[in-house]
Amino acid sequence: MHTDLGNPKNTISIIQKYGFSFQKKYGQNFLIDTHVLDKIIAASGVTKEHLVLEIGPGIGTMTQRLAEAAGHVAAVEIDSNLIPILEETLGDYENVTIINDDILKVDIGKIARELGGGLPIKVVANLPYYITTPIIMGLFESGVPIDNITVMVQKEVADRMQVGPGSKDYGALSLAVQYYAEPYIVANVPPNCFIPRPNVGSAVIRLTRHKEPPVKVKDRELMFCLIRASFNQRRKTLLNGLYNAQELSFSKEEISSAIEEMGLLPAVRGETLSLSEFARLSDLLGKKTGGKKKYKFLKKIEKIP
Ligand code: SAM
């Protein structure tokens, strides 16, 4: 029988045994609530037929549960001080591979190939909040066949991922996530479920990858540029937002005629457009430039407005 690290007493005893000190810069808030842990595993739908990629196993609390449920678990942890702890807490599981690395630098495709052996992949994590967006976008854009991502994120970020036009939380993150997946908020989680307590509320969100994107667009990179540019300058009209964006070089006439062709008012704001409207705008602008690339795509999404 394994020591259940979801029990706060056991977590504290491991931390004391190794003299571990929490590093704020790595977003270390460990889960100490067995109900929340069970809910995450259940929502992810992990079975023995899956490879699970866990980001930031910490002391291995969720990893133990994942190892019981999954075919194999690949756990990527940046903090080398946690590795000896993980070797103890996960030592009895033969289906866990611990990788001491930065999730933003590892080759996820290689992990999938070498450890997955063709198994479908699920991502499960209590994410380090300071890099939520680049992690999630990096996973979607990696080309790895992930069927869902079930993660703990800041509550406000979970809300932004889920909403549509008309809400103050609607933004580039909502559109980027919804292009790739169907979001579903599984549970809200208060600060007292973690040690140390974060100073924000949290939520578990499941992102189920679409088999086919919900909209068809000729140039996905151009569409994402338009989305980012529109939300970068929220108080501006769509026309001015796109015209002033550094990464775009469309003329005012090209933009305003595309807006007109869509049947939108000249003073329309970007935050009122749906994903399919952004796709249409992208196709119209792409057509106007006759194949000439009028945007710079920032491959690494560090920040999404
Ligand atoms: N899974 C554990 C739990 O639920 O108790 C810990 C979650 S804690 C919120 C985030 C974890 O991610 C920490 O263990 C932290 O060291 C790790 N981490 C932070 N940045 C990382 C990165 N760039 N790559 C991999 N792991 C990272």
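Residues numbered from 1 in each chain as written. Predicted model: local features only at pLDDT ≥ 70, side-chain atom pairs only at ≥ 80, totals over all residues. Heavy atoms only, no water.

Draft legend 1. Looking closely at helix H6 (residues 132-141). Of all the 10 residues making up H6, eight are buried; the element is thus mostly covered by neighbouring parts of the structure. Here H6 has its buried residues at Thr-132, Thr-133, Pro-134, Ile-135, Ile-136, Met-137, Leu-139 and Phe-140. Just past H6, the residue Gly-143 takes up positive phi, approximately 80 degrees. (Buried < 20%, exposed > 50% of the residue type's maximum accessible area, 1.4 Å probe, protein only. Helix = DSSP H or I, 4+ residues; strand = E, 2+ residues; numbered from the N terminus.)

Draft legend 2. Expanded view of the side chain of Asn-148. As for its position among the elements, Asn-148 is in strand E6 (residues 146-154). The class of Asn-148 is buried, set by a relative accessible area of 6%. Polar side-chain contacts of Asn-148 include one of 3.1 Å to the backbone oxygen of Ser-44. The residues contacting Asn-148, other than those within four sequence positions of it, are Ser-44, Ile-121, Lys-122, Val-123, Arg-206, Leu-207 and Thr-208. (Polar contact = N/O pair within 3.5 Å; in protein donor to acceptor, adjacent residues only side chain to side chain. Contact = heavy atoms within 4.5 Å.)

Draft legend 3. Highlighting helix H2 (residues 34-44). Those residues of H2 that sit buried are Val-36, Leu-37, Ile-40, Ile-41, Ala-43 and Ser-44. For H2, the arc enclosing every buried residue in end-on projection is 165 degrees, short of the 170-degree limit, so these residues lie on one face. Away from its buried face, by an angle of more than 90 degrees, H2 presents the exposed residues His-35 and Ala-42. Packing partners of the buried residues in H2 comprise strand E1 (30-31), helix H3 (61-69), strand E5 (121-126), E6, strand E7 (181-189) and strand E9 (202-209). Its side-chain oxygen 2.9 Å from the backbone nitrogen of His-35, Asp-33 forms the N-cap of H2. Of the residues flanking the end of H2, it is Gly-45, one or two places downstream, whose phi is positive at about 70 degrees. (Arc of directions from axis to C-beta.)

Draft legend 4. Seen up close, the nonpolar core. Leu-139, Leu-207, Met-223, Ile-227, Leu-242, Leu-248 and Leu-281 are the most contacted members of the largest nonpolar core, which totals 72 residues. Take this core: its biggest share by element is eight residues, from helix H9 (residues 220-232). The two domains that each donate at least three residues to this core are domain 1 (8-209) and domain 2 (220-303). When neighbours within four sequence positions are excluded, Leu-248 is seen to be in contact with Leu-222, Cys-225, Leu-226, Ala-229, Leu-242, Lys-294 and Tyr-295. Leu-31, Ile-41, Met-62 and Ile-83 belong to the second-largest nonpolar core, a separate cluster that totals 24 residues. (Core = buried A, V, L, I, M, F, W, Y, C linked by side-chain atoms within 4.5 Å. Domains from an automatic or database assignment.)

Draft legend 5. Focus on the sheet that holds strand E3 (residues 72-77). Pairing in this open sheet of seven strands is mixed, and the strands run E4-E3-E2-E5-E6-E9-E7 from one edge to the other. Taken across any chain shown, the strands that pair with only one partner, and hence form the sheet edges, are strand E4 (96-100) and E7. The mean angle between the axes of side-by-side strands here comes to 15 degrees, regardless of whether they run parallel or antiparallel. Both strand E2 (residues 51-55) and E5 contribute to a ladder of four bridges, which runs parallel. Within E5, the residue paired with Leu-53 across the bridge is Val-123. (Pairing = 2+ DSSP bridges. Axes fitted to C-alpha atoms, helices over the stretch in contact; angles between N-to-C directions.)

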